[in-house]
Amino acid sequence: MLKKDEVLFNKVKWMLKEGKRTVGSWLQLGSPISAEILAKAGPDWLMVDCEHGPYDIPTLTSELQAMAKYDVVPLARAPWNDFVMIKQILDTGVMGILVPYVSTREEAERAVKACKYPTLGIRGVAGSPRGSGYGMDGKRYLANANDQILVMTQVETPEAVRNIEELVTVEGLDGIFIGPMDLSCSMGHFADPGAPKVQEAIHHVEEVVFASDKFLGTVAADMEAARKLYDRGYGLVVPMSDSTALGKLAKNTFDRFRELYPEG
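For the structure given in this document, a descriptive report is provided here.

Calculation notes
- Residues numbered from 1 in each chain as written.
- Predicted model: local features only at pLDDT ≥ 70, side-chain atom pairs only at ≥ 80, totals over all residues.
- Heavy atoms only, no water.
- Buried < 20%, exposed > 50% of the residue type's maximum accessible area, 1.4 Å probe, protein only.
- Helix = DSSP H or I, 4+ residues; strand = E, 2+ residues; numbered from the N terminus.
- Pairing = 2+ DSSP bridges.
- Right-handed = clockwise from strand over helix to strand, strands pointing away.
- Axes fitted to C-alpha atoms, helices over the stretch in contact; angles between N-to-C directions.
- Contact = heavy atoms within 4.5 Å.
- Polar contact = N/O pair within 3.5 Å; in protein donor to acceptor, adjacent residues only side chain to side chain.
- Core = buried A, V, L, I, M, F, W, Y, C linked by side-chain atoms within 4.5 Å.
- Salt bridge = Lys/Arg side-chain N within 4 Å of Asp/Glu carboxyl O.
- Phe/Tyr/Trp six-rings, centres within 6.5 Å; stacked < 30°, edge-to-face > 60°.
- Patch = residues over 30% accessible without salt bridge, like charges linked within 9 Å, V, L, I, M, F, W, Y side chains within 5 Å.
- Areas by Shrake-Rupley, 256 points an atom, 1.4 Å probe, with all protein chains shown as cover.
- Parallel < 35°, antiparallel > 145°, perpendicular 65-115°, else oblique.
- Left-handed = near helix turned anticlockwise from the far one by under 90°.
- Nonpolar A, V, L, I, M, F, W, Y, C, P; charged D, E, K, R; others polar.

Looking at the pairing of strand 1 (residues 22–27)
Alright, step 1. Counting buried positions along strand 1 gives five out of six residues, so the element sits mostly inside the fold.
Alright, step 2. Alignment of strand 1 against strand 2 (residues 45–49), held across four bridges, turns out to be parallel. Bridged to Ser25 within strand 2 is Leu46.
Alright, step 3. In this view, the connection linking strand 1 to its parallel neighbour strand 2 by way of helix 2 (residues 32–40) has right-handed handedness.

A few points about the sheet that holds strand 2
Alright, step 1. If you walk around this closed barrel you meet the eight strands as 1-2-3-4-5-6-7-8, and the pairing is parallel. For this sheet, the mean angle separating the axes of adjacent strands, direction not counted, is 25 degrees.
Alright, step 2. Sheet topology places strand 4 (residues 96–99) next to strand 5 (residues 150–155); four bridges connect them, and they run parallel. For Val99, the partnering residue across the bridge sits in strand 5 and is Thr153.
Alright, step 3. Lying on the sheet, helix 11 (residues 196–210) is in contact with strand 5, strand 6 (175–178) and strand 7 (215–219); it crosses strand 7 at an angle near 150 degrees.

Some thoughts on helix 4 (residues 83–91)
Alright, step 1. Within the sequence span of helix 4, burial applies to Ile86, Ile89, Leu90 and Asp91.
Alright, step 2. Here the buried face of helix 4 lies against helix 3 (57–67), strand 3 (73–77), strand 4, helix 5 (105–115) and helix 6 (138–142).
Alright, step 3. Where helix 4 begins, the side chain of Asp82 points an oxygen toward the backbone nitrogen of Val84, at a separation of 3.0 Å.
Alright, step 4. In the segment just after helix 4, Gly93 is the residue with positive phi, at about 110 degrees.

A look at the nonpolar core
Alright, step 1. Judged by nonpolar contacts, the single largest core of 74 residues is most densely connected at Met67, Ile97, Ile164, Ile176, Val205 and Leu236.
Alright, step 2. When residues in this core are grouped by element, the largest group, six residues, is from helix 11.
Alright, step 3. Excluding its chain neighbours within four sequence positions, the residues that come into contact with Val205 are Val155, Val161, Ile164, Ile176, Ile178 and Leu216.

Some details on the pattern of salt bridges
Alright, step 1. Scanning the entire structure with this criterion turns up 14 salt bridges.
Alright, step 2. Between Glu224 and Arg227 there is a salt bridge, with its nearest N and O atoms 3.1 Å apart. Of this pair, Glu224 and Arg227 both sit in helix 12 (residues 223–232), three residues apart, which is roughly one turn of the helix.
Alright, step 3. Given a relative accessible area of 46%, Glu224 falls into the partly exposed group.
Alright, step 4. With a closest N to O distance of 2.6 Å, Asp255 and Lys251 form a salt bridge. With Asp255 and Lys251 both in helix 13 (residues 242–260) and four residues apart, the pair spans about one turn of that helix.
Alright, step 5. According to the relative accessible area criterion, Asp255 is partly exposed, its value standing at 34%.
Alright, step 6. By relative accessible area, which is 53% here, Lys251 ends up exposed.
Alright, step 7. Residues joined by salt bridges that share partners form a network here, namely Lys13, Lys17 and Asp174.

A short note on the packing of aromatic side chains
Alright, step 1. Under the criterion given, the structure shown has four aromatic pairs.
Alright, step 2. For the pair Trp26 and Phe177, a centre-to-centre distance of 6.1 Å together with 65 degrees between the ring planes defines the contact as edge-to-face. Here Phe177 lies in strand 6 and Trp26 lies in strand 1, a separation of 151 residues in the sequence.
Alright, step 3. Judged by its relative accessible area of 8%, Trp26 falls in the buried class.
Alright, step 4. Using a relative accessible area of 1% as the deciding quantity, one classes Phe177 as buried.

Topic: a nonpolar patch on the surface
Alright, step 1. A cluster of nonpolar side chains, contributed by Met1, Tyr134 and Met136, occupies part of the molecular surface with about 360 Å² of accessible area.
Alright, step 2. Inspection of the secondary structure assignment puts Tyr134 in the loop between helix 5 and helix 6.
Alright, step 3. Given the relative accessible area of 45%, Tyr134 is considered partly exposed.

Structural notes on helix 3
Alright, step 1. The set of residues buried in helix 3 consists of Thr59, Leu60, Thr61, Glu63, Leu64, Ala66 and Met67.
Alright, step 2. The inward-facing, buried residues of helix 3 contact strand 1, helix 2, strand 2, strand 3 and helix 4.

Structural notes on the packing of helix 2 against helix 3
Alright, step 1. One way to put it is that helix 2 packs onto helix 3 with a least axis distance of 8 Å and a crossing angle of 30 degrees. When the interaxial angle is binned, helix 2 and helix 3 end up roughly parallel. Considering the relative orientation of helix 2 and helix 3, their crossing is right-handed. Across the interface between the two elements, Pro32, Ala35, Glu36 and Ala39 from helix 2 touch Ser62, Glu63, Ala66 and Met67 from helix 3.
Alright, step 2. Taken together, the residues that form the contact of helix 2 with helix 3 break down as five nonpolar, one polar and two charged.

Encoded structure:
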């Protein structure tokens, strides 16, 4: 939510347009506490995962409130390419949307229109929600939202790979995000993004996106894997989530205990 007299500005969108690298994390626990912890750690952005996390609009709002005091840009992955869901998510004050399972130019255009106010899109206009300051910052938000909201679509199917040349020409679409796990599954290689055919598809998407005016994003297992992606030209990489980071730490800690003290 905008502070008093603040004009809406999305620093991450312009960093990406300038070819800079950005880093953040998934928020998948539905916890304002984990959101606050990660925001304090200093990421560029945090991505609330409304597709795979336990989120409704009040839960999403609580996480945004928890991170609001920190210099972090709130993003969200929508559950689906649905303009009502996207409208409600944006009205909470999210500054960027990742739309999953977009495979065609028509679907990408629909995603963009859901994120834009008329006449560029079909997003409903209201000055009363949290995003526009509960009626106190309407003009400063409404006048700038079309320029400042970040719009990304996710490549998760062979059809999206085949159509990538068209997807990168969609006006108002800022970036492409590769979902390697779903892409591998949809290509017949269940949960195996390292399969040669899947890697071939990913490299094709990379080649096309890097030659366009869009940025490219994806996920990585950790920061070392992310570094390789940044070095290839990716601008937005998700190297962790609040859920899996806690899970890995817990498992490593308790496994180590069992190694040290097998008899208890």
